[in-house]
Amino acid sequence: MADEDRRKFLKVATCAIGGGVGLVVAAPVLTLLADPATKITVTTPTAPLDLGLVEQFRVGAEPRKVDVIAPIVKDAWLAARNVVLGAAWIQRPASDKVVALSAVCPHLGCAVGWDASAGNFLCPCHDSRFSPAGDKLTGPSERGLDELPLQVVDGRLQLMWIRYKPGQSVREPA
Amino acid sequence: MKASMKDVVRDFLRERGLGGERVASVIPGEASFAYVFGTVLMFLFLVEAASGVAMAAFYAPSSTDAWGSVAYLQDQALLGWFLRGLHVHGASAIVVIAGIHLVQTALYGAYKKPRELVWWLGILLMVLTLAWAVTGYVLRWDQAGFWANKVEVGIAAATPLLGGVIKKLALGGNDYGNLTLTRFYMLHVMILPALVGGVIAGHVMLARKLGPTPLGDGEQVSRPRWPEQTLRNTIAIAMVFTILLAYVISTHGADLAAPADPSQAYDARPLWYFRWLFELRELSGSAEKLVALITPAIVGGALVALPLVDRLPARDPRRRLPYVGGLAGLLALICGLTIASLVSDTHSEELAKRVAKADVRAALARKLARENGVPATGAGDVFMTAPMAKARALFDSRCKSCHDAQSKDRKGPIIAPGHGNRDWLKAFIKNPSGDEFWGRTKLSKTDASMKPFQQMQPTDLENLVELIYSESGESDVVEDKRKRGVDVFEHACSDCHAREDGMPGSSAPGLGGVGSRGYYLSFISNPKSALHMGHDKDRSQMPRFDKELTLVERDALAEYLVWLRTATPADLAVLDPYQ
């Protein structure tokens, strides 16, 4: 019986030591793998981005697509310069009013284009249509196009780039 | 309830071919710590696998990104340094334990019939493990891994006949680059794990089947491995792991040198377990490459031949003295050469200086990578992310010899922190031909040079300085003083100088915008223009730089001069870690 007890103790001791060592290896592995999920690994600009002179947009003209370019984006270890984040559709309904609509489709994030023949916006992925003002017309999108904050400083357009969560009717930053 | 649930699961598995009656694995005689090494190695390989998989989630095998991704893992990812340390030092532990395992096997004649295959597979494992380490060392793409690999591939390239092909195959082309990294990465994380895994499986399966060689002679009772032997294995694992852990933590993981740079010399040293070969190569003079190639082949061949030569059934080391002696000699040689190599490195002061310099570069690169990120143009350009780095490099190569205070051949004014600030302007106006200003130029010795204004009223001088300082466009100008300075200028300076933008003075440089970035750009581009030194064209020795340097480079220098105005020597020291 004493031998049985001894064997039992040895078994427990083996499992305890082995489990302890395994834990010291496994825990850091899982910690490291989970770490990026807790961080902002790819930065987005926090300041408005320059889109050039406001005068390049004619009053009352069709929407014009402008690439939104971040001067610098930090992507994990990399610092990339002049990174295209996406595009915005710019309209100037009146000389003192400029509007920017994100070209990211609020349905599932495809790039929305301008359908000149129909005079409205069209997403090529799932055929969502939006009015020139960005309101939802037809198709699966649950909300209209997202307007991006825009201001004019010294005659230059300054755009704030924001990504909103797709696939929902409420406009919420992603 | 609990017991029946257990039975249900057991029956389910048994009916599907899992579980059931297991034949208990047995060992001859008593459980012993002599049998632990194989299991410890197995554990260490598992640590390599776990840490390797975790690191693979961060590593980018490209020549521009590899170093950056390793630096990110090491310095920014949570516990990245720890797993990288486990991986690198765990490999060292494998080499040590495998060495003990091998020596023990050889000492006790455990390679003898019927265990020759186990022995040979073990030798093969040793070779594959070393190759695994070599393919891993280059992946970090820092100076250490890059140059060590260059030497290793260089040695392999000395193979008669096949050398050229081997080199091209190893590098994945004609030179180091992206395809070198992807290739070594493929070998390191796919081919070698699969090979080593397969060979380990064969090695262990055969070893288990044949059982360990009994420690003593004669008949012995077999006992189950579990738990007596398993506990000993586990204790050994825990001990080795504790030492490994302590080492990893005390060294804060593995080192990481500056990014690989083919233009930057580096004292390449192989991984410590190749040090004996390194030393042997050093000692063999012109035959170095051949020696480095043939020695491993001889050592490996001798080990492979051991069971074929030592065929008598006797296993007691005392009755196999020639073999045991030969093995001891080999071991002593390897240890001796390793120590000699490590010791000779500690004797060279020059080497210590170069290593210290390399360490500073490494620390700077990693600091910059942490703060600014690695540029998309490649990790080597991380140095260029330091403020004014490009301008500093240009200044060092183009301007320093004439403008640095330390330069023996200085021909022009000293350019140092504070250049062009109020104190500098004041000192200049008081004595333009002072040694730190025009003193060393041809201009200072002629009548054409500006007269010193030693006698000027202090308030007048201060106001004048404020006016000239305001031309730089700095925002901290005191407007009252500046206005009063205009009168002083009209009275004392305007006969020769002009203050309007783009206007040369009647007999001296125009001062419009002096000290601004645009002014400096214009001056550096063509100092001999009418606007600047045109009046003394022949006595101004400064060459024009509009052909030699690009606009961007000249502008970088101009920006640097503006920055210098408010910089302190300490600011400058930060930019130049070598001073």
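Residues numbered from 1 in each chain as written. Chains lettered and ligands numbered in written order. Predicted model: local features only at pLDDT ≥ 70, side-chain atom pairs only at ≥ 80, totals over all residues. Heavy atoms only, no water.

This paragraph deals with helix α6 (residues 143–156) of chain B. All names here are of chain B. In a regular helix each residue adds 1.5 Å, so 14 residues correspond to 20 Å; α6 covers 20 Å between its end C-alpha atoms and thus fits that length. Those residues of α6 not exposed but buried are Gln143, Ala144, Gly145, Phe146, Trp147, Ala148, Asn149, Val153 and Ile155. Each element contacted by the buried residues of α6 is listed here: α5 (116–137), α7 (163–171), α8 (178–210), α10 (275–283) and α11 (288–309). (Helix = DSSP H or I, 4+ residues; strand = E, 2+ residues; numbered from the N terminus. Expected span 1.5 Å × (residues − 1). Buried < 20%, exposed > 50% of the residue type's maximum accessible area, 1.4 Å probe, protein only. Contact = heavy atoms within 4.5 Å.)

A few words now on the packing of aromatic side chains. Residues and elements named next belong to chain B. If you walk through the whole model with that rule in mind, you get 23 aromatic pairs over all chains. Here the aromatic rings of Trp272 and Tyr273 are separated by 5.1 Å at their centres, their planes lie at 80°, and the arrangement is edge-to-face. Here Trp272 falls in the partly exposed class, since its relative accessible area comes to 38%. With a centroid separation of 6.0 Å and an interplanar angle of 65°, the aromatic rings of Tyr519 and Tyr520 are classed as edge-to-face. Comparing Tyr519 with Tyr520, the two get one shared label, buried. Among the aromatic side chains, those forming a connected cluster through ring pairs are Trp141, Phe146, Trp147 and Tyr176. The ring centre of Tyr469 lies 4.1 Å from the NZ or CZ of Arg422, which sits over that ring. (Phe/Tyr/Trp six-rings, centres within 6.5 Å; stacked < 30°, edge-to-face > 60°. Lys NZ or Arg CZ within 6 Å of the ring centre and 35° of its normal.)

Residues and elements named next belong to chain B. If you look at the biggest cluster of nonpolar residues, it comprises 46 residues, and the most contacted ones within it are Val40, Leu44, Leu86 and Phe241. Looking at this core element by element, the count peaks at 9 residues for helix α2 (residues 37–56). Not counting residues up to four positions away in its chain, the partners in contact with Leu44 are Ala93, Ile94, Ile97, Val240 and Leu244. Membership of the second largest hydrophobic core comes to 41 residues, among which are Trp438, Phe545, Ala556 and Leu575. (Core = buried A, V, L, I, M, F, W, Y, C linked by side-chain atoms within 4.5 Å.)

Each partner contributes residues to the interface: chain B has 39 residues there, and chain A has 26 residues. For the pairing of chain B and chain A, the buried interface totals around 2800 Å² over both sides, and the portion due to carbon and sulfur atoms is 75%. When the buried area of chain B at its contact with chain A is split by residue, Tyr72(B), Trp226(B) and Leu231(B) rank highest and sum to 19% of it. Where chain B touches chain A, the interface holds 1 salt bridge. Among the ionic pairs, Arg6(A) bridges to Glu228(B), the shortest N-O distance being 2.7 Å. Taken together, chain B and chain A are joined by 7 residue pairs in polar contact (both at pLDDT 80 or more). Breaking the side of chain B that touches chain A down by element, the ones donating at least two residues are α2, α3 (66–75), α4 (80–107), α9 (228–250), α13 (349–372) and β3 (374–375) of chain B. (Buried area = accessible area lost by both parts, 1.4 Å probe. Salt bridge = Lys/Arg side-chain N within 4 Å of Asp/Glu carboxyl O. Polar contact = N/O pair within 3.5 Å; in protein donor to acceptor, adjacent residues only side chain to side chain.)

Further remarks concern the packing of α6(B) against α11(B). Residues and elements named next belong to chain B. It is the contact of α6 with α11, at a shortest axis distance of 9 Å, that shows an interaxial angle of 85°. In terms of orientation, α6 and α11 fall into the roughly perpendicular class. Of α11, the residues touching α6 (which contributes Gly154, Ile155 and Ala156) are Lys289, Ala292 and Leu293. Among the residues making up the contact of α6 with α11, the classes are represented as 4 nonpolar, 1 polar and 1 charged. (Axes fitted to C-alpha atoms, helices over the stretch in contact; angles between N-to-C directions. Parallel < 35°, antiparallel > 145°, perpendicular 65-115°, else oblique. Nonpolar A, V, L, I, M, F, W, Y, C, P; charged D, E, K, R; others polar.)

All names here are of chain A. Spatial ordering of the open sheet is given by β1-β11-β10, a layout of 3 strands whose pairing is antiparallel. Sheet topology places β1 (49–53) and β10 (150–153) at the edges, where each strand pairs with a single neighbour. Each neighbouring strand pair of the sheet contributes to a mean axis angle of 30°, computed without reference to strand direction. With 4 bridges connecting them, β10 and strand β11 (residues 156–159) associate as antiparallel partners. (Pairing = 2+ DSSP bridges.)

All right, on to the confidence of the model for chain B then. Residue and element names in this part refer to chain B. Summarising the model, chain B shows a mean pLDDT of 92, and 97% of its residues fall at 70 or more. Across chain B, element-level confidence peaks in α3 with a mean pLDDT of 98 and bottoms out in strand β1 (residues 26–28) with 80. Overall fold confidence for the complex sits at a pTM of 0.85, while the interface term, ipTM, reaches 0.89. (pLDDT = per-residue confidence, 0-100.)

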